[in-house]
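Breakdown of the fold
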Amino acid sequence: MIELIPAIDIIDGKCVRLTQGDYATKKVYNEDPVEVAKMFEGCGMKRLHVVDLDGAREGKIVNYRALERIAASVSLVIDFGGGLKSDKDLEIAFECGAQMITGGSIAVKSPEIFCGWIRRFGSERVILGADAKDGKIAVAGWTETTDNELIPFIEAYTGKGIAKVICTDIGRDGMLQGASTELYKNILASLPEIYLIASGGVGSAGDIEALEEAGVPAVIFGKAVYEGRIGLKELEKLNVH
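The written sequence of each chain sets the order in which its residues are numbered from 1. Residues qualify for local features only when their pLDDT is at least 70, as the model is predicted, and side-chain atom pairs are given and counted only at 80 or more; totals for whole chains, interfaces and linings, by contrast, use all residues. As a rule here, side-chain values come from all non-hydrogen atoms in the structure, and water together with hydrogens is ignored.

**Things to note about the overall build of the protein**
A run of H or I in DSSP becomes a helix once it reaches four residues, and a run of E becomes a strand once it reaches two; helices and strands are each numbered from the N terminus. Across its full length, the protein carries eleven helices and twelve strands. Taking 18 Å as the expected radius of gyration for a compact globule of 241 residues, we find that the protein reaches 16 Å, a close match to that expectation. Dimensions of the protein, computed from the C-alpha atoms along their principal axes, are close to 45 × 40 × 35 Å. Only protein chains enter the accessibility calculation, which uses a 1.4 Å probe; a residue whose area is less than 20% of its type maximum is buried, one above 50% is exposed, and one in between is partly exposed. Here the protein holds 241 residues, and 56% of them are scored as buried. For the accessible areas, the method is Shrake-Rupley and the probe is 1.4 Å, while residue cover comes only from the protein chains on display. As displayed, the protein offers around 10000 Å² of accessible surface, 47% of which is attributable to carbon and sulfur atoms. Only four residue types enter the tally: Lys and Arg on the positive side, Asp and Glu on the negative side, with His and both chain ends excluded. A single reference atom marks each charge: NZ on Lys, CZ on Arg, CG on Asp, CD on Glu. With 27 positive and 36 negative side-chain charges, the protein shows a separation of 3 Å between the mean positions of the two kinds. We take the radius of gyration over the C-alpha atoms and set the globule estimate at 2.2 Å times the residue count to the 0.38 power.

**A few points about the nonpolar core**
For our purposes a nonpolar core is just a set of buried Ala, Val, Leu, Ile, Met, Phe, Trp, Tyr and Cys residues, chained together by side-chain atoms within 4.5 Å. In terms of nonpolar packing, the biggest core is built from 73 residues, with Phe 40, Phe 114 and Phe 221 touching the most fellow members. Looking at this core, the element that brings in the most residues is helix α6 (residues 111–121), giving five residues. Judged by nonpolar contacts, the second largest core, of eight residues, contains Ala 7, Ile 127, Ile 166 and Ile 197.

**Concerning the packing of aromatic side chains**
Classification of ring pairs rests on two measures: the distance between centres of Phe, Tyr or Trp rings, Trp counted by its six-membered ring, which must be within 6.5 Å, and the angle between planes, read as stacked under 30 degrees, edge-to-face over 60 and tilted in between. Enumeration according to the criterion identifies six aromatic pairs in this entry. Here the aromatic rings of Phe 94 and Phe 121 are separated by 4.9 Å at their centres, their planes lie at 50°, and the arrangement is tilted. Here Phe 94 is found in helix α4 (residues 87–95), whereas its partner Phe 121 is found in helix α6, with 27 residues between them in sequence. Each member of the pair Phe 94 and Phe 121 is classed as buried. The interplanar angle of 70° and the centroid separation of 6.1 Å between the aromatic rings of Phe 114 and Trp 117 together place this pair among those described as edge-to-face.

**Section: the pattern of salt bridges**
A side-chain nitrogen of Lys or Arg and a carboxyl oxygen of Asp or Glu constitute a salt bridge if their distance falls within 4 Å. Applying the stated criterion across every chain yields a total of eleven salt bridges. The salt bridge partner of Glu 227 is Lys 27, with a shortest N-O separation of 3.0 Å. You can see Glu 227 sitting in the loop between α10 (223–226) and α11 (232–240) and its partner Lys 27 sitting in strand β3 (residues 22–30), a full 200 residues away along the chain. Among the residues examined, Glu 227 registers a relative accessible area of 32% and is labelled partly exposed. Look at Lys 27 and you get partly exposed, because its relative accessible area is 40%.

Written out as structure tokens, the structure reads:
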């Protein structure tokens with residue numbers, strides 16, 4: 001069964017969503033992300049993906065207090081990302097209750113630091129964030145596109161110990177028009193050993209089912225629930241089918 005991972009994106013301590021990573025499209029869904037986390041826990045979720053969007057833009061952890069409050073209020077296994085750049089950022093994230101962290105920009109711009117994290121904390125606690133725009137890796141809160149090709153970028157890190165990868169197709173993120181199922185099939189065909197977490201574009205329960213049929217191990221979603229495209233009862237059914 002595909003692992004369901006709801007997402008909470010945070011700006012100014014509030015639960016928000018962007019469209020295609022554009023901060024100008026910010027929409028606040030709840031002033032208190034703890035309420036949202038409790039909602040997801042209440043319908044059977046076991047995992048949570050928390051993104052510090054202020055941190056992603058500023059290049060350092062910002063919303064750690066929100067993370068701390070969420071972790072103290074639910075028993076969900078939390079992975080946390082967004083602007084983690086230093087060992088101190090990681091220590092703060094783990095101290096505030098994250099069980100895993102996701103590194104994206106750092107893996108591109110400072111691979112020696114990121115590889116140090118993999119060695120220090122292990123592949124169970126460090127996830128590679130591979131966010132792509134037209135097949136190229138994007139960084140800095142998706143404001144910069146690099147020349148790194150997606151699949152070779154992931155492959156290089158599997159050789160350095162990475163086992164879990166969150167891959168977001170930026171062009172689909174927040175659009176609610178379906179995930180990039182073919183892209184994920186291609187990644188898994190090239191790198192069948194990785195635990196691939198699909199992110200971006202989920203707009204219905206059918207989109208999640210299509211990813212499951214494609215053999216994708218896990219999926220991150222958020223806006224579809226916040227916009228009522230996937231009801232909480234529907235989420236419960238997806239979690240037990």
